[in-house]
Amino acid sequence: QVQLVESGGGLVQTGGSLALSCAASGLTFSRYVMGWFRLAPGNGREFVAVISLSGSNTYYADSVKGRFTISRDNTKNTVDLQMNSLKPEDTADYYCAAKGLILSSEWREYNYWGQGTQVTVSS
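Keep in mind it's a predicted model, so treat the numbers as computed, not measured.

> What's the story with the packing of aromatic side chains in this structure? I'm lost.
Any pair of aromatic rings gets described here by the distance separating the centres and the angle formed by the planes. Within this structure, the stated rule accounts for 6 aromatic pairs. Seen from their ring centres, Phe-37 and Tyr-110 are 5.0 Å apart, and the 75° between their planes marks the pair as edge-to-face. Of this pair, Phe-37 sits in strand S4 (residues 32-39) while Tyr-110 sits in the loop between strand S9 (92-100) and strand S10 (112-113); the two residues are 73 residues apart in sequence, bridging distant segments of the chain. The exposure class of Tyr-110 is buried, given its relative accessible area of 5%. Taken together, the aromatic side chains of Phe-37, Phe-47, Tyr-59, Tyr-110 and Trp-113 make up a single cluster linked through ring pairs. Lying across the ring of Trp-107, Arg-45 places its NZ or CZ 4.6 Å from the centre.

> What am I meant to see in the state of the cysteines here?
Working definition: the covalent bond between the sulfur atoms of two cysteines is a disulfide. Under the definition given, this model contains 1 disulfide. Between the sulfur of Cys-22 and that of Cys-96 lies a disulfide, 2.0 Å long from S to S. Here the S-S torsion is close to 45°, and the disulfide linking Cys-22 with Cys-96 is therefore right-handed. Of this pair, Cys-22 sits in strand S3 (residues 18-25) while Cys-96 sits in strand S9; the two residues are 74 residues apart in sequence, bridging distant segments of the chain. The residues Cys-22 and Cys-96 share a single accessibility class, namely buried.

> Help me out: how do you make sense of the sheet that holds S3 in this one?
Adjacent strands of a sheet form backbone hydrogen bonds with each other and so pair up, either parallel or antiparallel. The strand order across the open sheet formed by 4 strands is S1-S3-S8-S7, and the pairing between neighbours is antiparallel. A single partner strand is all that each edge strand has here, and the edge strands are strand S1 (3-7) and strand S7 (68-73). The mean inter-strand angle of the sheet, taken between neighbouring strand axes irrespective of direction, is 15°. Two strands pair when backbone bridges link them, and S1 and S3 are joined in this way by 5 bridges, in the antiparallel orientation. Within the sheet, the bridge partner assigned to Glu-6 lies in S3 and is Cys-22.

Calculation criteria
Residues numbered from 1 in each chain as written. Predicted model: local features only at pLDDT ≥ 70, side-chain atom pairs only at ≥ 80, totals over all residues. Heavy atoms only, no water. Phe/Tyr/Trp six-rings, centres within 6.5 Å; stacked < 30°, edge-to-face > 60°. Helix = DSSP H or I, 4+ residues; strand = E, 2+ residues; numbered from the N terminus. Buried < 20%, exposed > 50% of the residue type's maximum accessible area, 1.4 Å probe, protein only. Lys NZ or Arg CZ within 6 Å of the ring centre and 35° of its normal. Disulfide = S-S within 2.5 Å. Pairing = 2+ DSSP bridges. Axes fitted to C-alpha atoms, helices over the stretch in contact; angles between N-to-C directions.

Here's what the structure looks like:
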């Protein structure tokens, strides 16, 4: 059974930082592209970042480029999202997700999802 478990969310002030982590089990982690998405009240599911199988390629939403960094450790089966210079508009539930082979920002293409971790940025 595939499980993705996010951690690291919380409350932070504008300009602060948070580090999210996602631990995967039940799958051959190195064979899956990993993505982070977010869902804010009143909004649809929004792509945040994605990382390739080896971690050599990454892609970010324009809204987070230069502030967020995605990374993965295939020995620990984890994918992280370092979030710096946080803004109130970053407030959302953050989800990690897994799909095969090809990088994608389209949430519908992802096969496995975690339950999410909440991030709140106060102004």
